[in-house]
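Examining the three-dimensional arrangement
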Amino acid sequence: FTNTSTVNLPASISNYLWTFGDSGPTGNLVNLNHYYASAGSYNVALIATTADACADTLTIPVNVFDPPVSGFTFNNTCLFDSAAFTNTTLDPATGSVANWSWNFGDGLALNTTEYNPSHLFASPGNYEVILISYSSNLGCADTLKDSITIFPMPVGDFSFTNVCLGRPMSFNDLSIVSGGSISGWVWNFGDGSAIATIQDPTHTFSNPGTYIVSLIVTSNNSCNDTTIKSVVVHPLPIVQFNRANVCDGSAMQFNNLSSIATTDTIQSWVWNFGDGSAFNSNQNPSHLYASNGSYPVELMVISNFGCQDSITKTSIVNPNPVVSFTSTDTIGCEPLCISFQDHSALSTGVNVGWVWNLGDGSVINNSQTFDHCYTNDSVYSAKTFNVTITVTSDSGCISTLSKNNYITAYPAPVAGFNAQPEITTIIDPVISITDLSIGANIWNWSFGDLTSSALFNPPPHTYSDTGSFTITLVTSTTYGCVDSAFQTIIIEPDFVFYIPNVFTPDGDGINDFFTGKGVYIKEFEMSIFDRWGNLIYRSDDISKPWDGKANGGTEMAQGDAYVYTIKVKDFKMGKHSYSGIVTLVR
């Protein structure tokens, strides 16, 4: 309070008495300060007294305004998160909050515009935040200070090693925080699987590919950081190969059919042929097995990242037929007819095909037993033949056996001769024989009439009777080979008929009868006529000749010339007719 009391001179004021209207202490100073404990309207009285004890009193009402009650709330927060302040300042009993001022303690400009500000602190730490609130009455102010903590952010990080499909991937947390500790982890493996919440998880991916793995780490002050990294699950090779089963003694060809996703490449192949031999690293190898059997063949394929897979298949080396055959004979005269018999064996399976090359241009297919005849075109020297059999098993394996000069066919003589004439009559039964044989050195002739000869060219042969005669020639060689030739000769009876032209039936036993005479007569008919044409004698039996009598044999015919007719059938039923004159002489 400023005292402005005055008094006219020469008087002077010697004493002042102040009362402040709040039951507080009084004062006697000229000018003084008074603190009111609460707002309100107070009557302040000043009594000024002169040395003469003259006094004057002045009472003036005084208004004491209350300030706002500053207040705010907040939560400690993490770095990079704005701290939100909620202004809870209370209005004064008289008037209202007119303005305010925020000081966040980080050296930045005061905030006098926002009632409920947010503030982003640049670094972690403890900051003194001051709020000054001003009322609408005289700008009465109230100040509130509080300390906010800005927690440091964790720095999320992790390490890993890319893996091959099917292998677990290990994740190692490398996260740090400058103050406090890491208290929580949330792993998202990017493949739709469940979230993991341990610090160092392992995870097995179901498919190859690139996955986005995120790690959210939480500090003990609930501050979070997220780190994201790409991980690669490399594909396994798709292992495949083909091969064809082979026969013993043939190399087996292996064809690699393996593949891998285009993100990777196949770097190497490792073949295990299953027979104890060294591994092979060719892409498409071939391998010769020492013996037949079944072998487990494994192919391992390795990618450029080192991912590997394998497959095992059974490969079969089929046995070859063990070829054997026999024949009933191997040497002899041609035509040499032989039975062949296959005796081939097979350790597993069955033989299904046979091809015989018999050495003479003949090929027999699919027979195990058969007959074959060999010939020899030469009539002078032996001929040999190679026999080869090729046997095929049910697995297609083929074996061949050849026996050189296995068959020997001796030449056979070619018997032949010519007998002429082939048909003749008993009148001329002489047959001429000419030998036509080839390659023979021994001849045996049989003429069919119980006579024989051993001459090269026998003399003409005369048959003594009619009939059919087979001339047989048997020739042989120094090898004992024989051939025969046959020719039939026919000696026919010959029809012969004679008729006399005179007879003398005088009973002297000489030329007493008239008839025809001959051989090989089958039928006979004779008629005798006199000169007037009268039939005087008839006979149908050649053994009943005309005895010179007439009229049925009752009269002697006189000497004269008579006409005869004779009809004859020979042994071939050929008809012959004769007519003429016979003279009867008495």
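The following refers to the structure shown. Note that the structure is a prediction, hence the values are computed from the model and not measured. (Residues numbered from 1 in each chain as written. Predicted model: local features only at pLDDT ≥ 70, side-chain atom pairs only at ≥ 80, totals over all residues. Heavy atoms only, no water.)

1. Describing the pairing of strand β36 (residues 442-446)
Going by this rule: Think of it in three bands: residues with accessible area under 20% of the maximum for their type are buried, residues over 50% are exposed, and the middle band is partly exposed, with areas taken using a 1.4 Å probe on protein chains only. Each helix corresponds to a stretch of at least 4 residues labelled H or I by DSSP, and each strand to a stretch of at least 2 residues labelled E; elements are numbered beginning at the N terminus. One requirement defines pairing of two strands: DSSP has to find at least two bridges between them.
Burial along β36 is one-sided: Trp443 and Trp445 are buried, and none of Ile442, Asn444 and Ser446, which face the opposite way, are. Here β36 pairs with strand β39 (residues 467-476) via five bridges, running antiparallel. Bridge pairing in β39 links Trp445 to Leu473. Across two bridges, β36 lies against strand β37 (residues 452-453) in antiparallel orientation. Across the sheet, residue Ser446 finds its bridge partner in β37, namely Ser452.

2. Quick look at the layout of surface pockets
The gaps left among the atoms become clear once a water-sized probe is rolled over them. To keep it simple, the criterion reads: Using a 1 Å grid laid over the protein atoms alone, points where a 1.4 Å probe fits but cannot get out form a cavity; open sets with protein on both sides within 12 Å along at least 5 of 7 lines form a pocket; any residue with an atom within 4 Å of a point counts as lining. Grid points are joined across faces, edges and corners, and a volume is the space filled by probe spheres set on the points. Think of it as three bins: nonpolar holds Ala, Val, Leu, Ile, Met, Phe, Trp, Tyr, Cys and Pro, charged holds Asp, Glu, Lys and Arg, and polar takes everything else, Gly as well.
Its boundaries defined by the atoms lining it, the largest pocket holds a volume of some 340 Å³. Lining the largest pocket are 21 residues, and of these Asn3, Thr4, Ser5, Leu46 and Leu58 sit closest to its centre. At the level of elements, β1 (13-19), β2 (40-50) and β3 (55-64) are the ones that each hand at least two residues to the lining of the largest pocket. Among the elements that line the lining of the largest pocket, the one with the most residues is β3, at six residues. Its residues placed into classes, the lining of the largest pocket shows twelve nonpolar, eight polar and one charged.

3. Considerations on the pairing of strand β17 (residues 224-234)
In terms of strand pairing, strand β12 (residues 163-164) meets β17 through two bridges, oriented parallel. Considered in β17, the bridge of Cys164 is made with His234. As paired strands, strand β16 (residues 209-219) and β17 are joined by ten bridges and run antiparallel to one another. Bridging from a neighbouring strand, Gly209 pairs with Val233 of β17. The turn joining β16 and β17, which pair antiparallel and follow one another in sequence, is formed by four residues; a positive phi near 65° is taken by Ser222.

4. Notes on the sheet that holds strand β25 (residues 325-327)
By way of backbone hydrogen bonds, the strands of a sheet pair with one another, either parallel or antiparallel. Using the following cut-off: Whenever a helix is involved, its axis is fitted only over the stretch in contact; in every case the axis is a line through C-alpha atoms, and angles between N-to-C directions fall within 0 to 180 degrees.
Across the sheet, three strands lie side by side as β25-β27-β30; this open sheet has antiparallel pairing. Of all strands in the sheet, those with a lone pairing partner are β25 and β30 (369-374), marking the two edges. Within the sheet, the average angular offset between the axes of one strand and its neighbour, ignoring direction, is 25°. Where β25 meets strand β27 (residues 336-342), three bridges bridge the pair, whose relative direction is antiparallel. Following the sheet pairing, Ser327 is matched in β27 by Phe340.

5. Focus: the packing of aromatic side chains
The line we're drawing: Aromatic contacts are taken between Phe, Tyr and Trp rings whose centres are within 6.5 Å, Trp giving its six-membered ring; a plane angle under 30 degrees counts as stacked, one over 60 as edge-to-face, and the others as tilted.
If you walk through the whole model with that rule in mind, you get 44 aromatic pairs. Taking the centre distance of 6.5 Å and the plane angle of 85° together, the rings of Phe104 and Phe121 count as edge-to-face. Taken together, the positions of Phe104 in the loop between β7 (97-103) and β8 (118-119) and Phe121 in the loop between β8 and β9 (125-135) put the pair 17 residues apart, joining distant regions of the chain. With respect to burial, Phe104 and Phe121 carry one shared label: buried. What links up through ring pairs into an aromatic cluster is the set Phe72, Phe74, Phe85, Trp102, Phe104, Phe121 and Tyr127.

6. Some points on the side chain of His372
Formally: Here a polar contact is taken to be a pair of N or O atoms separated by no more than 3.5 Å, where protein atoms must pair a possible hydrogen donor with a possible acceptor and residues adjacent in sequence count only if both atoms sit in side chains. Contacts between residues were defined by any pair of non-hydrogen atoms, one from each residue, lying within 4.5 Å.
Of note, His372 is situated in strand β30. Note on His372: relative accessible area 11%, which makes it buried. At a separation of 2.8 Å, a polar atom in the side chain of His372 contacts the side chain of Asp360. Each residue touching His372, except ones within four places of it in the same chain, is listed here: Leu336, Cys337, Ile338, Phe340, Leu358, Asp360 and Ser362.

7. A closer look at the environment of Ile499
Mapped onto the elements of the fold, Ile499 is located in the loop between β41 (496-498) and β42 (502-503). When the C-alpha atoms of Ile499 and Glu523 are compared, they prove to be 16 Å apart, with 24 residues separating the residues in sequence. Those residues within four positions of Ile499 in sequence are excluded, and the remaining contacts are Phe514, Gly516, Tyr564, Ile566 and Tyr578.

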